[in-house]
Every structure is written in C-alpha cells, then in structure tokens.
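Structure at a glance
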Amino acid sequence: MFRNAFLQALREIRRNLMRSLLTAVGIVIGIASVIAMVNIGKGASKSITQSVEQLGSNTLYITPGQRRGPGTRGVIEKPFKEKDLETIRSSVYALNVISPVESAYMTVIYKEQNYRTSIRGVENEYLQAQNWNLAEGRAFEKNELRTGQNVCILGQSVISNLSLDPKSIIGNKIRLKNFSCEVIGVLEVKGANTFGADQDDVVLVPFSLFQRRIGGSDNIHLMMAAVKENVPLELAKTQIERVLRERRNIEKEDEDNFQVRSMTALLDTISQVTTVLTVMLGAVAAISLIVGGIGIMNIMLVSVTERTREIGIRMAVGAMAKDILVQFLIESIVLSGLGGIVGIAAGMLITFGVATWLDIALVIDPFITMIALIFSMVIGIVFGIIPARKAANMNPIDALRYE
Amino acid sequence: MISLKKISKIYGSGDAASTVLHEIDLEIREGEFVAIMGPSGSGKSTLLNILGTLDVPSRGQYAFLDTEIGSLSPDQRALFRRSLLGFIFQGYNLLKKTTSIENVEMPLIYQGIDSKTRREMAIEALKEVGLEDRLSYDPGQLSGGQQQRVAIARAMVTRPRILIADEPTGNLDTKRGHEIMELIRNFNQQGITVIMVTHEDDIAAYASRTIYLRDGVIEKEVNHVS
Ligand SMILES: Nc1ncnc2c1ncn2[C@@H]1O[C@H](COP(=O)(O)OP(=O)(O)O)[C@@H](O)[C@H]1O
Ligand SMILES: [Mg+2]
C-alpha cells in the first residue's frame, strides 16, 4: 500500500509540477538555511580552533588578579615579581620555557621617520615559546637582559614601514620616545594571528629595560609559558598554581589571586559564542520551515478540494478512509521530503560557496543532514494531516456528486 | 440475493424534509439484469446509490445474502464494494490525466494485488472491451464511448458479483450506447447481476426485468421474456 501511495504521490506531484515546486520552495529555503548555517558555523569554529591551536595550544598565560566574576570589579591586583618568575622557571619541570611579557604602544623614530608600533619587553624564552626565529642578527645576551641594556629586535612590519634594509640596520640606533636602542636583530615574518592582528608589528626589548624605561616599576603583569611536549596542559597548570599559591601565601580555603589560562579556555568561549549564534540562526530557519509547512498545508487543502471527485471514485471502488488518508499524507510527506532533499543540496552548495569565499573549513555535518531530512518529512506529516483527514472523512456519494 | 424492505430516503429535516424514496420493497436474484426507469427526479439514482452502499437509507432494511448492510461501518461498506461491486456512471468518472491502464488498475491496488498481476489483469480487461490499442491513452484522448468502455473494464476487472450502472449510455449516441449495452449483456451472461438506471426504452430492453419508479415509489414491474 505504501509503495503504491508513494508512486501515486510522485505521479501527482509531477502532474502539478509548477505548483508543487512553488509549494516546496518554503521548505527548500528553510532546510537550505538550516544546513548552510549549521555547517558554516561549524566550519568557522573549526577554522578558529585550528588557527588558535597553531598559535600555541601548549602556551599558558599567567596573570595576577582573581577570575572575573560579578562584584570583583576594582579589586586591586597584586602583580608578580622577578622572584616569582625565577621560582617557576627553576621548579616547574612541566614547563619548557617561561618569559615575562609587557607591552606598550609607542612611536619609533629612525632618521626623519616615525612609526607607531607595539614595544614589547620580553626575554629570549618568549621567542622560543612563540617558535619565532630571527631573520638577521642575534637574540638578547644574558647581561643585556640582566642589566636592561638599550638593545632591540625589530619585527618585519616595522622594517618595512620605516623602509629599512634588514641587513644594514643591524648595529644602528633607533629612538623610542625617551631613549634610544641599538638594533641587534630582525625577526622572521610571522603574519597575522587568528584575530587578524599583524604579529610582525612589534619591537622587542629586554624585559628589564622595559620595566625601567617604560613600565616604571619592577612589576610583572603577564608571564607566558610553553609546556613541554607530551606534558598535559593541566599538569603544568596545577604545578604553577601550587608554586604561586605558596609564594603568595594563599590559605587553603582562599581562592587564587592569579590566573593560569590557556588558549583552549579561549576556544571554549569562542565555541560558546558560535553555539549561541548557531542556535539563534537555527531558530530563524525553523520559523521559515513552519511557514513552509503552512504553505504545504494550504496547497494540500486546495488539492483535496480539487480532487474531491477522484476521492469519490476511489471510495466507490473500495478505498477505505485510511487508504485515502495514507494517500494524501504520503503525498504531503513526499512533497516536503523532496523539498528537504533539494534544500539539503542547496544548503550544501551555499556552505561550499561561503566556505570558499571566507576561506574557512568546509564542514558537512552528516547528523544535521539526517535531522533536516527527517524534520522536513515530519513537517509533511504535521501539516499534511489536516488535509488528509479532510479527504478521508468525505462521504462517497457527496464526493462523487461534487462538480 | 438482494432484499430491500421498506427502504426510505429523506433529505433534510423538519419543514424542509423531502422524502425521495417511500418504503421501497425489492428483491433481486443472482444473475438478474434489472433496469430501473422513471422520470427525472423520481429517485432512481438515490435507490441505485443505496444498493451500491455509496449512500445509506434513512429507514428500512437492506440485506445482501445474509449480511445486513445497515449494520456495516463505512469501512466495512468500502470492503463490500471492493470485493463484490462494480460501478459505471453516466459521466464515466475516470481519473483525469491517468492512462486507461492505470484507471483500470486502480481498484486492484486496493485489493492488494501485486503490480505485475495488476497490469496483466488490466490489459486483459481492456482487451475484453476492445481497447487493447488504447492502453496508454488519457481519458482526454478518448471518445465518450471509449471512456465508458474503460469505465466498464475498471468495473469488471475485479470480477464483481454485481454491476451497478447509472445511465451508462446517457451521454452516448444510439450506436455507441448499444455497443456499451452489448458489453454489459455479455457480462450479465457470464453470471454477473446487473442493476441499471436508464430512461431509454431500447436500453431497458436489454434487461430481464424493468422497475418503474415515480415519486419515490415503485409504480410497476415488467418482466421480459427473451
Ligand atoms: N443530497 C441531496 N439533498 C437533497 N436532495 C437531494 C439530494 N440528492 C438528491 N436529492 C433529490 O432527490 C430527488 C431524487 O434524485 P435522484 O435520485 O438523483 O433522481 P433521478 O436519478 O431519478 O433523476 C431529486 O428531487 C433531488 O433533488
Ligand atoms: Mg439520476
């Protein structure tokens, strides 16, 4: 019975092809947008995840201050000192390297030229943590770091913006607002990070120089650590936390007054945001599906009325109410299901187009594809039941007399 | 085989009520060819539709063999029509934009016959009415007489016990009408009971018995000896 009803439904749809196509448009658009939105959302977060991971999934960021929550505004943060850094460096074996980091935005002057860039106080471990090599010259020397000598390493964007020659600039002095420093090295190109910021737009100076000339204190507000390969991030994190709690004399019951974060935490936030977006867009798409369903119901009601006489003929030759019900129900399921299939294809095309255009990962989620197909058929059932019942409840003699 | 007792049909209620059939008593034996005649509006179609279980009487008993039709549910009546009855209408009532073969196959679908057997049976039935060269034509591509022959094939393909025909020749010229009647007589001679409404004497002449209806009552009955 179902096979015949299915073939019959296909025949009926073909008979009224134009009308069927227009009826299914609502479903096609709804399903296509669900598919496209969910897949593009997933592709986008996959791309972000990938590039954040490239950027250093083994990197930890250690900052003073409580985890931010309601009511913690205005709490005075107790910064780290040189000794904290040294203790972590010497006692946390899970770490490969650790470096303090401090940044300020300042103007760099070389001969008559100005350029505003990020001045970053770091130690050599920063380059190791970032997996960043020098294109020219050398890194800082021990005594330069210890005494805060006036030396600096330039990023490629600074080189190009000041129209410098990376080779011959070595040994020359550049001015930074209130002091000058000798260029000892040039960094390799690193390009833009995940968030589009130019990482080469930087001048590195010894951390102690930064503290003395720019920061004006011996405080440390950020330490960047790279965890050893094959060591779990969480292990390194707990080790650092133990050391810092002890050094900062935090009682057992008290909370940390510092934070050790990884990029994976950032990833969680990003994925939360994309999930919320996906759900919201999905809801919009669901509304368009309901509108599409109402369109199907409307056309099925018209079709039932138009085919009243056919219903009468079928009843005369022995169709029971349920035969008629199944026939019209399957017809609306096939109609919305076909709309769903076309919608899935269209949604995949849109996903492909957008993924190519925005250069994000192409993700086709088989789960959402199945859900979309099933959901479109469910719409056929939900919105087809009223017309189908109307057909099935007809009285044979009235249906046969219908003009 | 068929026994009607005091069958009445009343449309509407109260002041607007109109009695279309008045306590009709009628017996039809298996293999009979019964014609129902009478002026327009005398209740012929109403009576035929009650006999065909498409309609239900307001009062009275309708027994088919041992079955009391009045006690059947709509679905049981559908099953009764499915297995025992065949219908022919004045307006042919074929499915539009549907080939002859598909039209004839349609009742077999409800009998649950597989598609291959169905096709064979439909072709056989269309051959019997002389339409073997019009299998894939739409009703729109067929003449009235050909459409009615498709309708006959559709009614007969299930080998019903009773053929019910409401003015089967009403839309046809005399020559086509007689061709249709020859087919119906042929089925009757194979043992199928025929109950037919007509208002043409020469069509009624094919029947073995004619019932004259006037204002919802049986006025007279005439038996033909052939
Ligand atoms: N559904 C209906 N409601 C009200 N009156 C009806 C209905 N069907 C038929 N009638 C009336 O019943 C009478 C008999 O109709 P019908 O049996 O079709 O006559 P016939 O076939 O003999 O011409 C007519 O007067 C017609 O108007
Ligand atoms: Mg009539």
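Quick look at the structure, then. Per-chain numbering applies: the sequence of each chain, read as written, is numbered from 1 onward. By the order in which they are written, chains take letters starting at A while ligands take numbers starting at 1. The predicted nature of this model means local features are confined to residues of pLDDT at least 70 and side-chain atom pairs, given and counted, to a pLDDT of 80 or more, with totals for whole chains, interfaces and linings taken over all residues. Side-chain descriptors were evaluated using all non-hydrogen atoms of the structure, hydrogens and water having been removed beforehand.

This part covers the overall build of chain B. Segments assigned H or I by DSSP are reported as helices when at least four residues long, segments assigned E as strands when at least two residues long, and all are numbered from the N terminus. Assigned secondary structure in chain B consists of seven helices and 10 strands. Reported as C-alpha extents along the three principal axes, the dimensions of chain B are approximately 50 × 40 × 35 Å. Categorising residues by exposure relies on relative accessible area from a 1.4 Å probe, with only protein chains included: less than 20% of the type maximum marks a residue as buried, more than 50% marks it as exposed, and the intermediate range marks it as partly exposed. For chain B, the proportion of its 226 residues judged to be buried stands at 52%. Residue pairs in contact within chain B that sit at least 24 positions apart in sequence constitute 71% of those at least 6 positions apart. Reported accessibility uses the Shrake-Rupley method at a 1.4 Å probe radius. Residues are deemed covered only where the shown protein chains occlude them. For chain B, the computed accessible surface area is about 9,900 Å², with 47% contributed by carbon and sulfur atoms. Between two residues, a contact is recorded if the distance between any of their heavy atoms is within 4.5 Å.

What follows is about the sheet that holds strand β1 (residues 2-11) of chain B. Residues and elements named next belong to chain B. In this analysis, strands are considered paired if DSSP registers two or more bridges between them. Strand order in the open sheet made by the four strands is β2-β1-β4-β5, with antiparallel pairing throughout. The sheet is open, and its two borders are formed by β2 (18-28) and β5 (67-68), each paired with just one other strand. Relative to β5, strand β4 (residues 59-64) runs antiparallel, the two sharing two bridges. Counted as the bridge partner of phenylalanine 64 is threonine 67 from β5. Sheet strands touched by helix α1 (residues 44-51): β1, β2 and β4. Its angle to β1, the strand with the most contacts, is close to 125°. Helix axes are fitted to C-alpha atoms over the stretch in contact, other axes to C-alpha atoms as well, and angles between N-to-C directions run from 0 to 180 degrees.

The next subject is a nonpolar patch on the surface. On the surface, a nonpolar cluster with roughly 720 Å² of combined accessible area is contributed by Phe367, Met370, Ile371, Ile374, Phe375, Val378, Ile381 and Val382 of chain A. Assignment of secondary structure puts phenylalanine 375 of chain A in helix α12 (residues 366-392). Patch rule: a residue counts if its relative accessible area is over 30% and it has no salt bridge; like charges are joined within 9 Å, and nonpolar side chains (Val, Leu, Ile, Met, Phe, Trp, Tyr) within 5 Å. Salt bridge criterion: a side-chain nitrogen from Lys or Arg within 4 Å of a carboxyl oxygen from Asp or Glu.

Residue and element names in this part refer to chain A. The strand order β2-β10-β1-β11 describes an open sheet built from four strands, whose pairing is antiparallel. Each edge of the open sheet carries a strand with a single partner, namely β2 (95-100) and β11 (258-262). The average angle at which neighbouring strand axes cross in this sheet is 20°, direction not considered. Pairing analysis gives four bridges linking strand β1 (residues 59-64) to strand β10 (residues 223-227), with the strands arranged antiparallel. Bridge pairing links isoleucine 62 to methionine 223 in β10. Where helix α8 (residues 233-247) meets the sheet, its contacts fall on β1, β2, β10 and β11, and the angle it forms with β11 comes to roughly 165°.

Moving on, we come to unusual backbone geometry. Residues and elements named next belong to chain B. Positive phi, close to 70°, is recorded for tyrosine 92, a residue that is not glycine. Structurally, tyrosine 92 can be placed in the loop between β6 (85-88) and α3 (100-110). Classification of tyrosine 92 as buried rests on a relative accessible area of 9%. Despite not being glycine, arginine 159 shows a phi value in the positive range, around 55°. Mapped onto the fold, arginine 159 is located in the loop between α5 (144-156) and β7 (162-166). The exposure class of arginine 159 is partly exposed, given its relative accessible area of 43%.

The next thing to look at is helix α1 (residues 2-15) of chain A. Relative to the 20 Å expected for 14 residues at 1.5 Å per residue, α1 of chain A spans 20 Å between its end C-alpha atoms, a close match to the ideal helical length. Residues Asn4, Ala5, Gln8, Ala9, Glu12 and Ile13 of chain A constitute the buried set of α1 of chain A. An expected span of 1.5 Å times one less than the residue number is assigned to each helix.

Now for the packing of α1 of chain A against helix α11 (residues 321-358) of chain A. Residues and elements named next belong to chain A. Between α1 and α11, the shortest axis-to-axis distance is 8 Å and the interhelical angle comes to 60°. In terms of axis orientation, α1 runs oblique to α11. Regarding α1 and α11, the two cross each other, and that crossing is right-handed. Where α1 approaches α11, its residues Phe2, Ala5, Phe6, Gln8, Ala9, Leu10, Glu12 and Ile13 are matched on the opposing element by Val326, Gln327, Ile330, Glu331, Val334, Leu335 and Leu338. Should an angle fall under 35 degrees it is called roughly parallel, over 145 degrees roughly antiparallel, and 65 to 115 degrees roughly perpendicular, with every other angle called oblique. Each helix crossing is assigned a hand: it is left-handed if the near helix lies turned anticlockwise from the far helix by less than a right angle, otherwise right-handed if that turn is clockwise.

Here the focus is the site of ligand 1. Lining the immediate surroundings of ligand 1 are Arg401 of chain A together with Tyr11, Val20, Pro39, Ser40, Gly41, Ser42, Gly43, Lys44, Ser45 and Thr46 of chain B. The residues that come close to ligand 1 belong to more than one chain, namely chains A and B. The term polar contact refers here to a pair of N or O atoms within 3.5 Å; inside protein, the definition further demands a hydrogen-donor-capable atom paired with an acceptor-capable atom, and it admits residues adjacent in sequence only when both atoms are side-chain atoms. Within the side chain of arginine 401 of chain A, a nitrogen or oxygen atom sits 3.3 Å from a nitrogen atom of ligand 1. Expressed as a share of its isolated accessible area of 560 Å², the protein-covered part of ligand 1 is 61%. If one sorts the elements of the shell around ligand 1 by residue count, α1 of chain B sits on top with three residues. For this classification, Asp, Glu, Lys and Arg are treated as charged, while Ala, Val, Leu, Ile, Met, Phe, Trp, Tyr, Cys and Pro are nonpolar and the rest, including Gly, are polar. Of the residues that constitute the shell around ligand 1, the class distribution is three nonpolar, six polar and two charged. We call a residue near a molecule or strand as soon as one heavy atom of that residue lies within 4 Å of the molecule or strand.

On to helix α6 (residues 174-189) of chain B. Every α-helix carries 3.6 residues per turn, so stepping three or four residues along brings you back to the same face. Residues and elements named next belong to chain B. In this model, α6 (16 residues) spans 22 Å end to end at C-alpha, consistent with the 22 Å of a helix rising 1.5 Å per residue. Taken together, the buried positions of α6 are occupied by Gly177, Ile180, Met181, Leu183, Ile184, Phe187 and Asn188. Viewed end-on, α6 has its buried residues packed into an arc of 155°, placing them on one side of the element. For α6, the exposed residues set more than 90 degrees away from the buried face come down to Lys175 and Gln189. The backbone nitrogen of lysine 175 lies 3.2 Å from a side-chain oxygen of the residue at the head of α6, namely aspartate 173. Glycine 191, located one to two residues past α6, shows a positive phi value of around 105°. When we speak of the arc, we mean the arc of directions from the helix axis to the C-beta atoms.

Right, let's talk about the nonpolar core for a bit. In terms of nonpolar packing, the biggest core is built from 73 residues, with Ile2, Tyr62 and Phe64 of chain B touching the most fellow members. No other element matches α11 of chain A, which puts nine residues into this core. With sequence-adjacent residues up to four places away left out, isoleucine 2 of chain B is seen in contact with Leu26, Glu27, Ile28, Leu51, Tyr62, Ala63, Phe64, Ile162 and Ile195 of chain B. In terms of nonpolar packing, the next biggest core, distinct from the first, is built from 38 residues, Ala125, Val157, Leu163 and Ala165 of chain B among them. Within this scheme, the nonpolar core is defined by two criteria: the residues are buried Ala, Val, Leu, Ile, Met, Phe, Trp, Tyr or Cys, and they are joined through side-chain atoms within 4.5 Å.

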